[in-house]
Structure formats: C-alpha cells, structure tokens
Amino acid sequence: MALHPATKLSVVSAAYAKMKQNEDFRFQQHPGQIVNNGATRVDAEQVQQNFLARLNHAVSRSFDVTGLFRYEHRDTRTPIGLYAFAAADPTAVPPLAANRVVNNLPQNRRQQTFAVDGRYDLRQGSTFTGGVEHLRIHRSVDAPAVSLATQEQPFLSGEATQNTVRLGYRHAFSESLNGHVNLSRSEREAGPYFDFPRTAATPAPGIFPQVPGFRQFFLASRDQNKVRASVDYQATEALWVQGTVEHLQDRYPDSRYGLNRAGMTTWTLDGVYAASDRISFNGFVSFEDGETRANQYQLASGTAALPYAINPNCAVTAAAGSSSNIADPCREWSFTQNDRVWTLGVGAKSAHMGGKLTLTGDVVHARAKTNMDFTGGARNTTTRVFVPAVNMPGITSTMTDFRLGAKYDFTKESAVRLGYLFRRLRSSDPQFDLFGITSVQAYIGPGMRAPDYNVHALSVSYVYTFR
C-alpha cells in the first residue's frame, strides 16, 4: 500500500491462535497426593497473538530506509490448581509423608521489536547497509489467590531489553567476483534478577540457582558479537565457488557462576559445477570450532560438616553450613568445552525425460571431537580432603548420510517424490564406555553405551500445487 510516491507499507499481518489440551491425567495413585484440586483434567488453554508491520521509504534512488514493528504475546489461561506429590519415587509404600505442595503457575510472555534498517548504494557494485533494533521482553505469571511457602519461582528475571546494531558492506570486484561482510553487536540487559540470600544453611546439592551469583544464561545479561564474511567467484559459466567465515561470541558479564562465555567459528568452502544442461555436481567442506566456559561452585552435601583439609594454596574454612563457607574459593571450579567438527559433502543432480524426471544423490560425512577441560576441584564429602579436577578423555563421533531422491512431474501442478536415506553413526563417550557404574552413570543408567546405529528410511509423497 503506497502512502506516498516514495513510501510504501509493504507488510501488515496479524494472527490469532488458540490452543487447548484437555487430556485425562495419568499418574500413579498414592495416599496424600492431590492433583489439580482433585480435577481429572488440566483444561489447559493458551492464546497467541502476533502483529507485524513494515514501512519502506525511498529517500533517493541510492538510499532507502525500512522500519519494522513486531508484537508477540503468549497468554496462558490454564486454571491454577493445587498439586501435592512425593518428591521422589520411594521404595516403601505408602510414600514419604513429606509431600511437596505447589500451585501450577501459568506463564505469559510479551515481546515487542522495533527496528530501522537502511541501504545506501555508494556506487554501482558497492552497497552499505546498517540498522538498529530494540527488543523488549516481559514475562509474568498468573498468581494464585493464596501463595504457598513451598512455591518455586518460575523464572528469576521477568524483564529484559536488548539493543542491536548491524553494519554491512557488499562490493562487486568484477562481474565474476563479489564479497560482503556483516557485523552486529547486541547487548541484552536483564531486569532485576532474584538472588537467593546468603543464609546459614548452604543450598542443597544440585540446587545451583540458589548459589549467590549464579545466573541462568537464557535470562542473564549478555553481550553478543557476530561477524560474517564471504567471497563468491564465478570462475566459468559452469563453475561457481564460495568461501565463508562466521564468528559468534557470547559473554555473560553479570554471571559469576553458570555459563560465562560461548563462541563458535565456522569456515565453509562450497561450489557447484554444471557439467551439462542436464547434470550438475555440488560439494562443500566446513570446519566448526566452538568453545563454551562455565564457572561452578561445589555445594556442600549437608549443613552439618567439619572443616576439611585442602591444598596448600587454600586456608582452612569454616563448617560447610556457615554463611562464610559460600565464599570459599576452594569450592570454585570451572570447565571449558571445545567442540571441533569437520564436515564433507558431495552431491549430484540430473534431469531426464525432457525435465519431467529429476534424480538426486548426496553423501555427507561428519567427524566431531569434544574435549572437556576442568580447573579447581571439590572436597571429599567424608574426609574433607581437596580433590583436584582432571580433564575428561575426548568424546568422538562420526556420522555418514547417504541420500537418493527422485521426482517425477505429471503436470505443472502435480508431482510424486521418492526418497531413500541411510545413516550410520559411530561414537565413543567415556561417560558411557570407560567409567563403568559410577556417580556419572547414576544419571545415564548402568549398562548403557555411547550410541552406535544404522538407519534406513524410505519416503513417498505426492505434491499438488494450487495456482
């Protein structure tokens, strides 16, 4: 819709969706349990509302600006019910008398995005792009009429704002050689983040959110940098090649514990060769190098504990249940995970019977290795002796995919597709294969091994296009 010869409202869309779920509850009956105030069904309901508007204005032939507004609202209307259940499956019957009692808290999310992007043609073959974006996120819950002392917080930060700046440049060096680079910087600022107070009782094992300074990464403040650069070259009429490098870096400045930083750099080289009008070949190779670092704190096994012997660099601390213990640096540890993945793929495509029949074939092979390096350590819960952490053996995996496809066009509107896939995975993970039944395997389960499997899949589909 043209508001002015140089201004167009290019996109306006709105959507309203309602989802319901009313299946019967299925659970193991135990004395003392309460499910949704005794109701037999959850009667869940969620409403989703979306709106998008985009406005474009041509300042001149070489300069245009686009504005965008997006609104998204998820409203959960599930009735609030009372639930009482045993915290773990007991071996005795009846179950433990100390059941947990909570209300379900329907969660809502409202998100608004404001963005302005511009494009300027410096000269023929050279284009600058830039933009800014502002994002607001609000999370809320439908509170029960009476809050329970045992009620847990559904999230520790209900507000967030994120500001992003984008820059880009594209240049045509010649008719056959082009390059472009894109940069972006975004800063997400979390709203007030609830920190559990330092009390005389150390948090129970595994309750990491209760450690002061711990931040859940999806709620915490974050600084993110992105860089992407690529060059594509049309060597001949039949051969096209492109090289790309991408880098992503996330940092969490307010997170003393939890995810501290994460990043990934990817190099890719791909190309297409048209051997004839009917046959073409494609191939690519990529290398991904990622790193993730998290800082953690070793929680005490209980509130009643003796001072423990530690390494010479650490002074003896108070008992595990004291408020000063939570600041003990000898309970701090961290891990850095490095992931490196090589992927190679080749494919072919051919047309037959005047273009009615198209045949395709692809092979992709990927090899990955993960190293986990640790710093710091933990105390033995019985002897209180400091035990330094050691690095994990490497985790490796290889996966090969082989695909065949065929498409036959009966008419311009209808076609049938056939597909075949063979996948082979081989992996080695010391958490499964080397340690045996240990505390690690208590989570995995005894007798389980790292995945090794073969998969065969066959697909048939009919496609009809309405015109």
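Quantities reported herein were computed from a predicted structural model and do not represent experimental measurements.

Draft legend 1. Molecular detail of a nonpolar patch on the surface. Taken together, the side chains of Val116, Val132, Val165, Leu167, Val181, Leu183 and Val227 make up a nonpolar region of the molecular surface, amounting to roughly 530 Å² of accessible area. Residue assignment for the nonpolar patch shows that the elements contributing at least two residues are strand S9 (159-172) and strand S10 (177-190). Among the secondary structure elements, leucine 183 is positioned in strand S10.

Draft legend 2. Structural view of unusual backbone geometry. Phi is positive for aspartate 43, close to 55°, though the residue is something other than glycine. By secondary structure assignment, the location of aspartate 43 is in the loop between strand S2 (7-21) and strand S3 (44-58). Classification of aspartate 43 as partly exposed rests on a relative accessible area of 44%. Even without being glycine, methionine 353 reaches a positive phi, approximately 55°. Summarising the element assignment, methionine 353 is placed in the loop between strand S15 (332-352) and strand S16 (357-379). Judged by relative accessible area, methionine 353 falls into the exposed class, the value being 54%.

Draft legend 3. Local environment of the pattern of salt bridges. Under the criterion given, the structure shown has 16 salt bridges. The salt bridge partner of arginine 166 is aspartate 117, with a shortest N-O separation of 3.0 Å. Here arginine 166, found in strand S9, pairs with aspartate 117, found in strand S7 (residues 107-123); they are 49 residues apart in sequence, far enough to count as distant. Residue class for aspartate 117 comes out partly exposed when judged on its relative accessible area of 30%. With a closest N to O distance of 3.4 Å, glutamate 133 and arginine 166 form a salt bridge. Here the residue glutamate 133 occupies a position in strand S8 (residues 126-141), and arginine 166 occupies one in strand S9, the gap between them amounting to 33 residues. With relative accessibility at 22%, the residue glutamate 133 sits in the partly exposed group. One connected set of salt bridges, linked through shared partners, spans Lys18, Glu45, Asp75 and Arg77.

Each value, and the rule that gives it
Residues numbered from 1 in each chain as written. Predicted model: local features only at pLDDT ≥ 70, side-chain atom pairs only at ≥ 80, totals over all residues. Heavy atoms only, no water. Patch = residues over 30% accessible without salt bridge, like charges linked within 9 Å, V, L, I, M, F, W, Y side chains within 5 Å. Areas by Shrake-Rupley, 256 points an atom, 1.4 Å probe, with all protein chains shown as cover. Salt bridge = Lys/Arg side-chain N within 4 Å of Asp/Glu carboxyl O. Helix = DSSP H or I, 4+ residues; strand = E, 2+ residues; numbered from the N terminus. Buried < 20%, exposed > 50% of the residue type's maximum accessible area, 1.4 Å probe, protein only.

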